[in-house]
Amino acid sequence: MSFKFPFFKNKQNIKDDHFASDNIPNHVAIIMDGNGRWAKKRGLPRIAGHKEGMDVVKKIVRAASKCNVKILTLYAFSTENWKRPKSEVEYLMKLPKEFLHIYLPEMMENNVRIETIGDFDALPDHTRKAVQYAKDQTKGNDGLLLNFALNYGSRFEIMRAVKQLMADIDSSELSMDTVDENTFSEYLYTKGLSDPDLLIRTSGEQRLSNFLLWQVAYSEFWFTDVLWPDFSEEIFKTALQDYQQRKRRYGGI
Ligand code: V07
C-alpha cells in the first residue's frame, strides 16, 4: 500500500510518470555492470547477458532522450576487458554492429548523435567500420549525444593526454605557463564535453573501475543492486529523481 502526505516533498518510491523537468542532469554516465551474473543466474552463457544488456541500452537511450538528458556516456568495453576469454571478446566486438544494424534507423529518427571515447584505432576492423559509419551518419544530429566508451581506460586516457601535452610543449605549440585544468581537459577523449553530472553503476559494485577518473571529480554517484539486463526506464527515472533532490557543492561549502 502507498499513500502520500500532500504537504511532504515526494522523496522516495516515486512512481509519477511526469516528474519535475528542472535540474535534469545534463550528462549521465553509466557503468552497465552485471550482464554475466544475470546470465549465470539463469544457467545461460555470459554472452546471453550481453545480448540482453544491448536491448536495455536502447531502452535507456529512449528514456534519456525523453527526459531531455543531453549526453549519455555508456561504458561498453574497457581496456581491461581484453583479458576475458577470446570467445567472449569476439562476441562483444560484434555487438556494436548488431546494435547499429537494428537501431541506427531509430537513432536517426530520434536525432541521436553517436560518438565514442577510447582507443578507437585498436578495435577490430569490422567493429571500427560499423561504428565509424554510425558516427558519420549521425554527425549532423543535435539531439542526445550517445557516447560509447569503447576500449576505454581512464588511466590510459590520462597518460595519453600527458604525452600529447608534453609533445605540444616540446614543439612550442603550447607554453607551460598557460597550462591549467581546462587546457588538460582538452587533451582527454572527452574534449569539449561537460563533465558527467550523474554517474550510475548497476549490479551492486561501488567502484569506478578506471572509468572517467578525471571527469567525475564533482559528479553525483548513484548505485543500484539491479543487474544491467534488469535495468529499466523506471529505475533510470528514479536515479534522475534522486539526483534532482541532491544539493551539489562542487567542492565549495
Ligand atoms: C555492448 C551491451 C550492453 C551491456 C554492456 C556490455 C555489452 C551496445 C554497444 C554499442 C557500441 C558502440 C556503438 C553502438 C552500440 C555495445 C559493446 C558491448 C562492446 F556504436 N551495447 N554494447 N558495445 N554490450
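Quick caveat: nothing in here was measured; it's all calculated off a predicted structure. (Residues numbered from 1 in each chain as written. Predicted model: local features only at pLDDT ≥ 70, side-chain atom pairs only at ≥ 80, totals over all residues. Heavy atoms only, no water.)

Colleague: Account for the pattern of salt bridges, naming residues and giving values.
Modeller: Tallying each qualifying case throughout the model produces 17 salt bridges. Among the salt bridges present, the one from lysine 86 reaches glutamate 90, with a minimum N-O distance of 3.3 Å. Of this pair, lysine 86 and glutamate 90 are both found in helix α3 (residues 86–109), four residues apart, which corresponds to roughly one turn of the helix. Residue classification places lysine 86 among the exposed positions, given a relative accessible area of 63%. A network of salt bridges, in which partner residues are shared, links Asp197, Glu220, Asp242, Arg246 and Arg248. (Salt bridge = Lys/Arg side-chain N within 4 Å of Asp/Glu carboxyl O. Helix = DSSP H or I, 4+ residues; strand = E, 2+ residues; numbered from the N terminus. Buried < 20%, exposed > 50% of the residue type's maximum accessible area, 1.4 Å probe, protein only.)

Colleague: Let's hear about the sheet that holds strand β3 (residues 113–117): which residues, and what values?
Modeller: Adjacent strands of a sheet pair through backbone hydrogen bonds, lying either parallel or antiparallel. The six strands lie next to each other as β3-β4-β2-β1-β5-β6, forming an open sheet whose pairing is parallel. The sheet terminates laterally at β3 and β6 (220–223), the two strands that pair on one side only. Taken over all neighbouring pairs, the strand axes of this sheet differ in orientation by 20 degrees on average, direction set aside. Here β3 runs beside strand β4 (residues 145–152); their pairing, made up of five bridges, is parallel. When the sheet's bridge partners are listed, arginine 113 is paired in β4 with leucine 145. Sheet strands in contact with helix α4 (residues 125–138) are β3 and β4, and its direction is about 135 degrees off that of β3. (Pairing = 2+ DSSP bridges. Axes fitted to C-alpha atoms, helices over the stretch in contact; angles between N-to-C directions. Contact = heavy atoms within 4.5 Å.)

Colleague: Please provide a residue-by-residue account of the pairing of strand β1 (residues 27–31), values included.
Modeller: The buried fraction of β1 is high, at five of five residues. Here β1 runs beside strand β2 (residues 71–78); their pairing, made up of five bridges, is parallel. Paired with isoleucine 30 across the two strands is leucine 74, which belongs to β2.

Colleague: Run through the packing of aromatic side chains, naming residues and quoting values.
Modeller: Going through the model one piece at a time under the given rule, you end up with 11 aromatic pairs. Note on phenylalanine 77 and tryptophan 82: the rings are 4.9 Å apart at their centroids and 70 degrees apart in plane angle, and the pair reads as edge-to-face. Look at phenylalanine 77 and you get buried, because its relative accessible area is 2%. Exposure remark for tryptophan 82: the relative accessible area of 35% places this residue in the partly exposed category. Centroid distance tryptophan 228 to phenylalanine 231: 5.0 Å. Interplanar angle 20 degrees. Geometry classified as stacked. Note on accessibility: tryptophan 228 and phenylalanine 231 belong to one class, buried. By way of ring pairs, the aromatic residues Tyr75, Tyr152, Tyr189 and Phe211 are connected into one cluster. (Phe/Tyr/Trp six-rings, centres within 6.5 Å; stacked < 30°, edge-to-face > 60°.)

Colleague: Account for the site of the ligand, with residues named and values stated.
Modeller: As a matter of local geometry, the ligand sits amid 18 residues, with His50, Leu92, Leu95, Phe99 and Phe148 nearest to it. Computed on the free molecule, the ligand has an accessible area of 500 Å², of which 98% lies beneath the protein chains in the complex. The set of elements that each furnish at least two residues to the shell around the ligand consists of α2 (46–66), β2, α3 and β4. Ranked by residues supplied to the shell around the ligand, first place goes to α3 with five residues. Among the residues forming the shell around the ligand, the class breakdown is 15 nonpolar, three polar and no charged. (Near = heavy atom within 4 Å. Areas by Shrake-Rupley, 256 points an atom, 1.4 Å probe, with all protein chains shown as cover. Nonpolar A, V, L, I, M, F, W, Y, C, P; charged D, E, K, R; others polar.)

Colleague: I'd like a description of α3, backed by residues and values.
Modeller: In this model α3 runs 36 Å from its N-terminal to its C-terminal C-alpha over 24 residues, within 8% of the 34 Å that 1.5 Å per residue would give. Two residues or fewer past α3, asparagine 111 is found with a positive phi of approximately 65 degrees. (Expected span 1.5 Å × (residues − 1).)

Colleague: Explain the environment of arginine 128 to me, using residue names and the numbers behind them.
Modeller: Looking at where arginine 128 falls in the secondary structure, it is placed in helix α4. Through-space distance from the C-alpha of arginine 128 to that of lysine 97 is 9.0 Å; in sequence the pair is 31 residues apart. For arginine 128, the contacting residues outside a window of four places in its chain are Phe120, Asp121 and Leu123. A polar atom in the side chain of arginine 128 sits 3.4 Å from the backbone oxygen of aspartate 121. In this structure the side chain of arginine 128 is engaged in a polar contact, spanning 2.9 Å, whose partner is the side chain of aspartate 125. (Polar contact = N/O pair within 3.5 Å; in protein donor to acceptor, adjacent residues only side chain to side chain.)

Colleague: Pulling in residues and values, what's your account of the nonpolar core?
Modeller: Counting residues in hydrophobic clusters, the biggest one holds 48 residues, and the most contacted among them are Ile30, Leu72 and Phe236. Listed by contribution, the elements that provide at least two residues to this core are β1, α2, β2, α3, α4, β4, β5 (198–201) and α7 (233–244). For this core, the element with the most residues is α3, which contributes 10 residues. If you look at the next biggest cluster of nonpolar residues, it comprises 11 residues, including Ala29, Ala149, Tyr152 and Phe211. (Core = buried A, V, L, I, M, F, W, Y, C linked by side-chain atoms within 4.5 Å.)

Function cannot be read off these values alone, since they describe shape.
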